[in-house]
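Observations on the model geometry
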Amino acid sequence: MSDSEASRTAAEGSEAPEDQDASPAGTPDGSSPTAPDNSTDVAPTRKARRRPEAKPAAPVEDTPKVEEQPAKTLAESTVSQGGWGYWGSWGKSILSTATATVTTVGQGLTQVIEKAETSLGIPSPTELSAQVEEEEKEQDSPAGGDGSDEAVKADVDGPSAVGSAMGMLSSLTSVVQNTGKTVITGGLDALEFIGKKTMDVIAEGDPGFKKTKGLMNRNATLSQVLREAKEREELQTAETESTDSEKKVVAHYGMLFDEFQGLSHLEALEILSRESESKVKSVLSTLSGDELVRLREELDGIKDSFSLVEFDDEEVDEKKDEDGSEFEKELTEAMEGLSVSPDKLSKACKSACSQITGMTKPEPSDEEEDETKEVSVEEVHAAAIRSLAELTARSIELFHKLAEMILFSNGSTEASVLSQLTVILCKELSLLSKKFTSCLTTAGSNEKRDVLNPLITGVFLEASNSASYIQDAFQLLMPILEISHIQRRAESSEQ
Amino acid sequence: MAYAYLFKYIIIGDTGVGKSCLLLQFTDKRFQPVHDLTIGVEFGARMITIDGKQIKLQIWDTAGQESFRSITRSYYRGAAGALLVYDITRRDTFNHLTTWLEDARQHSNSNMVIMLIGNKSDLESRREVKKEEGEAFAREHGLIFMETSAKTASNVEEAFINTAKEIYEKIQEGVFDINNEANGIKIGPQHPTTNSTLPSSQGGHQAGGGCC
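Bear in mind the structure is a predicted one, so any value in this text is a computation, not a measurement. (Residues numbered from 1 in each chain as written. Chains lettered and ligands numbered in written order. Predicted model: local features only at pLDDT ≥ 70, side-chain atom pairs only at ≥ 80, totals over all residues. Heavy atoms only, no water.)

Moving on to the overall build of chain A. Along chain A, the regular secondary structure elements total 21 helices and zero strands. For chain A, restricting intrachain contacts to residue pairs at least 6 apart in sequence, the fraction spanning at least 24 positions comes to 79%. By element, 52% of the accessible surface of chain A is carried by carbon and sulfur atoms, the whole surface being about 23700 Å². (Helix = DSSP H or I, 4+ residues; strand = E, 2+ residues; numbered from the N terminus. Contact = heavy atoms within 4.5 Å. Areas by Shrake-Rupley, 256 points an atom, 1.4 Å probe, with all protein chains shown as cover.)

All names here are of chain A. Overall, the prediction assigns chain A a mean pLDDT of 67, with 47% of residues at 70 or greater. Mean pLDDT in chain A bottoms out at helix α2 (residues 46-49), which sits at 39, and peaks at helix α14 (residues 262-286), which reaches 95. Ignoring residues within four places in sequence, the model shows residues 140-164, a span with pLDDT below 50, making 54 contacts including any to other chains. Below a pLDDT of 50 lies the segment residues 244-249, which in the model reaches three contacts outside its immediate sequence neighbourhood of four places, other chains included. (pLDDT = per-residue confidence, 0-100.)

Below, the discussion takes up the state of the cysteines. Evaluation of the coordinates by the stated rule reveals zero disulfides over all chains. The cysteine C353 of chain A is free of any disulfide, with C349 of chain A supplying the nearest cysteine sulfur at 4.2 Å. (Disulfide = S-S within 2.5 Å.)

Another point: the packing of aromatic side chains. Tallying each qualifying case throughout the model produces 13 aromatic pairs over all chains. Measuring from ring centre to ring centre gives 6.2 Å for Y253 of chain A and Y469 of chain A, while their planes differ by 40°; the resulting arrangement is tilted. Highlighted residues: Y253 of chain A in helix α13 (residues 253-259) and Y469 of chain A in helix α20 (residues 449-476), separated in sequence by 216 residues. Summarising the burial analysis for this pair, Y253 of chain A and Y469 of chain A share the class buried. Summarising the aromatic geometry, the rings of F43 of chain B and W60 of chain B are spaced 4.8 Å apart at their centres and angled 85° between planes, so their arrangement reads as edge-to-face. Within this pair, whereas F43 of chain B is found in strand β2 (residues 41-50), its partner W60 of chain B is found in strand β3 (residues 53-62), the two being separated by 17 residues in sequence. Owing to a relative accessible area of 0%, W60 of chain B belongs among the buried residues under this scheme. Taken together through their ring pairs, the aromatic side chains of Y253, F257 and Y469 of chain A make up a single cluster. For the cation-ring pair, K8 of chain B lies above W60 of chain B, with the distance from its terminal atom to the ring centre recorded as 3.8 Å. The cationic tip of R46 of chain B hangs over the ring face of F26 of chain B; the distance from NZ or CZ to the ring centre is 4.3 Å. (Phe/Tyr/Trp six-rings, centres within 6.5 Å; stacked < 30°, edge-to-face > 60°. Buried < 20%, exposed > 50% of the residue type's maximum accessible area, 1.4 Å probe, protein only. Lys NZ or Arg CZ within 6 Å of the ring centre and 35° of its normal.)

Another point: the nonpolar core. If you look at the biggest cluster of nonpolar residues, it comprises 109 residues, and the most contacted ones within it are F306, F399, L421 and F436 of chain A together with L116 of chain B. Among the elements that line this core, the one with the most residues is helix α18 (residues 377-409) of chain A, at 18 residues. Aside from chain neighbours lying at most four places away, what touches L421 of chain A is L331, A334, M335, L398, F399 and L402 of chain A. Counting residues in each nonpolar core, the second largest holds 33 residues, with I48, M146, V156 and I171 of chain B among its members. (Core = buried A, V, L, I, M, F, W, Y, C linked by side-chain atoms within 4.5 Å.)

Bringing the interface of chain B and chain A into the picture now. Counting residues at the interface gives 30 residues for chain B and 26 residues for chain A. Carbon and sulfur atoms supply 55% of the area that chain B and chain A bury against each other, a total of about 2300 Å² over both sides. The tally of links between chain B and chain A comes to three salt bridges. Taking the shortest distance from any N to any O, the salt bridge between E42 of chain B and K401 of chain A comes out at 3.2 Å. Within the residue set of the side of chain B that touches chain A, elements represented by two or more residues are β1 (5-12), β2, β3 and β7 (185-187) of chain B. In terms of residues, the side of chain B that touches chain A owes the most to one element, β2 of chain B, which gives five residues. For the side of chain B that touches chain A, the residue count by class is 17 nonpolar, eight polar and five charged. (Buried area = accessible area lost by both parts, 1.4 Å probe. Salt bridge = Lys/Arg side-chain N within 4 Å of Asp/Glu carboxyl O. Nonpolar A, V, L, I, M, F, W, Y, C, P; charged D, E, K, R; others polar.)

Quick look at the packing of α20 of chain A against helix α21 (residues 478-494) of chain A now. Residue and element names in this part refer to chain A. Where α20 meets α21, the axes come as close as 4 Å, and the angle between the chain directions of the two elements is 20°. In terms of axis orientation, α20 runs roughly parallel to α21. In this structure, α20 uses F474, Q475 and L476 to contact α21, whose residues at the interface are M478, P479 and I480. Across the contact of α20 with α21, the residue classes tally to five nonpolar, one polar and no charged. (Axes fitted to C-alpha atoms, helices over the stretch in contact; angles between N-to-C directions. Parallel < 35°, antiparallel > 145°, perpendicular 65-115°, else oblique.)

All names here are of chain A. Note on placement: M478 falls in helix α21. Spatially, the C-alpha atoms of M478 and A415 are 8.0 Å apart, while their sequence positions differ by 63 residues. Apart from the residues within four sequence positions on either side, M478 is in contact with I302, K303 and F306.

Our focus in this paragraph is the pairing of strand β5 (residues 113-119) of chain B. Residues and elements named next belong to chain B. Summarising burial for β5: seven of the seven residues are buried, a large majority. The side-chain alternation of β5 yields two buried faces, one formed by V113, M115, I117 and N119 and the other by I114, L116 and G118. Inspection of the sheet shows strand β4 (residues 81-87) paired to β5 by seven bridges, in the parallel sense. In the strand pairing of β5, V85 is matched with I117. (Pairing = 2+ DSSP bridges.)

Glancing now at the pattern of salt bridges. Scanning all chains against the criterion turns up 23 salt bridges over all chains. The salt bridge partner of K186 of chain B is E267 of chain A, with a shortest N-O separation of 3.8 Å. In this pair, K186 of chain B sits in strand β7 while E267 of chain A sits in helix α14, so the two residues belong to two different chains. You'll find K186 of chain B and E267 of chain A in the same group, each marked buried. Between E404 of chain A and K401 of chain A there is a salt bridge, with its nearest N and O atoms 3.0 Å apart. A residue pair is termed a helical-turn pair when its members lie 3 or 4 positions apart in one helix, as E404 of chain A and K401 of chain A do in helix α18 at three residues. In terms of burial, E404 of chain A and K401 of chain A fall into one category: buried.

Residues and elements named next belong to chain A. Between its first and last C-alpha atoms helix α15 (residues 289-307) spans 26 Å; for 19 residues at 1.5 Å apiece the expected length is 27 Å, and the two agree. Turning to α15, its buried residues number three or more, namely L292, L295, L299, I302 and F306. The arc enclosing the buried residues of α15, seen along the axis, measures out at 90°, which places them on a common side. Across α15 from its buried face, at more than 90 degrees, point the exposed residues D290, E297 and S307. (Expected span 1.5 Å × (residues − 1). Arc of directions from axis to C-beta.)

All names here are of chain A. With respect to the element layout, R489 can be found in helix α21. Overall, the relative accessible area of 23% leaves R489 in the partly exposed class. Expressed as a C-alpha distance, the spacing of R489 and L295, which sit 194 residues apart in the sequence, is 9.5 Å. Setting aside residues no more than four positions away along its own chain, R489 makes contact with E291, R294, L295 and E298. Of note is the side chain of R489, whose polar atom sits 2.7 Å from the side chain of E298. (Polar contact = N/O pair within 3.5 Å; in protein donor to acceptor, adjacent residues only side chain to side chain.)

Quick look at the structure:
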């Protein structure tokens, strides 16, 4: 809690002069701003301040000042926010964790946040401060109450005006840290509540988000999470099928991912990864002294190349690589020397690209589309989700095959080759999702926003989830490279 | 495509005995005379119906090559059923059965149902292993036995489905702890409306999203 203490000191520091003014007076008055006089004892806030009176202190004085002197408030809140900088970003980081897989969502994210924000249903700033005051009453130390009250008021006013979800969170976190330990639990509850609520709201718009939520809630393996998500989708489909007579075009990422055997490959990859990990551990346990140190260093080198990879979302031009041949070229280059063929993956990408071309061109390029029927947004969405699921499944398959070949051939495979591959795959997913969403926008130009936006968000969300799955699968390769390294080492020392 | 149970199968046996072809025949109902060598493991899935219940078979088709053995062994664990395949036209594939069996028993759970399959029954003229030999081996080791042909599809359905029936019976008898996923059995998503109310038109065996 050193941060909280530090910031409190900062807050108190800023108010030091007032504290000194108020304390000697010893009057819990000041409810009337114009006359900080002892005799004026009419303030409505007075009631709330009864308790602190036991140890006469400043809070009373501060409150009206905040209300009356906007300039001062501003200054104070700036100061205090400086102190809470860490907390502010903490709140922010919670939100970004909550939406970790939404990072590439772009316009979709804004919409989600807006939606989350309006339906959060958290107490209003005034309610919050009232609550804080109440809790404050129960506190014995008025000094603590003093800083917090001011802080709460100041901060609550500020960010709520900004009206962003981030601001709301940061105001809440400052409530948490400033009202002392008793409130911290309550504050955390509120945060948790907000977190859950936000996720529910996001999830409402897209069932795929539940996967992410599940990922964060449990320590389950990736394939388990995906399987559960798929089962939920199957259940939903079964329910809607029984009720809906007309068949709607609904795309379920998880089910499709399984259909392309993505789950099975992931499960197999997890098995290999786990086994390699335990083998590495047992080898390490047999070594000692210099040998152990040396091997550890070598393994750390491998670990580093896995942890230092940056999957930054560099801007991709959606006009580029119209037929997927560029991706194929890049992929083939990256896979050179690896005895696994990326054919299935390139094929999947090409088929996605040709679908996009087919949907963007107004004239029917496919023979099957005899009528000049316009593609519905649902159809575009379904094609997008299907392509993403297929591409991801094929990527996982590729990683699984790579893992098998590394273990099988025991040749040296550089981690950098694998990370480069991961970057290429993630970039392609991002590119495809952009192409599909611009398709959606075109197809849905006559649709209402509330029809189109969830679909667009859904595509971005699944693209982002896909990238996470691929990155997780990439991480699963680490123990495999480690054990392969150990085996090669043993072989060379035998010779 | 909701299912009551999911069974994990493995297909094992010497290289070239027709493991991948059996799977392809079962999932896609087609035969490919020339098949690429399987690397590590490939997958197939299909839905079948037993006792009015939808059961999804998730099949792990392993590589037969000796050099892959250390990898494929890792996949044995958590299988509810195994198809141990030999080629009736190649005596050596039959001779290796003991090794395969030991391997399977050692790396999987003890309740795993094993179906011994003598494949390529269509090549009667080139037969090297008599049917009786296969039956005797199966009896001796407590396996179910069948001769199949991935080419003509003879007994292919039966081989997969009879294995599932055996597993299903074991579940009914309480031999399998279905809540332990290490047994290779998963319970499907729970339905508010039970599977028994599914239309009887689905009584036949339906091809699932088989894919390889």
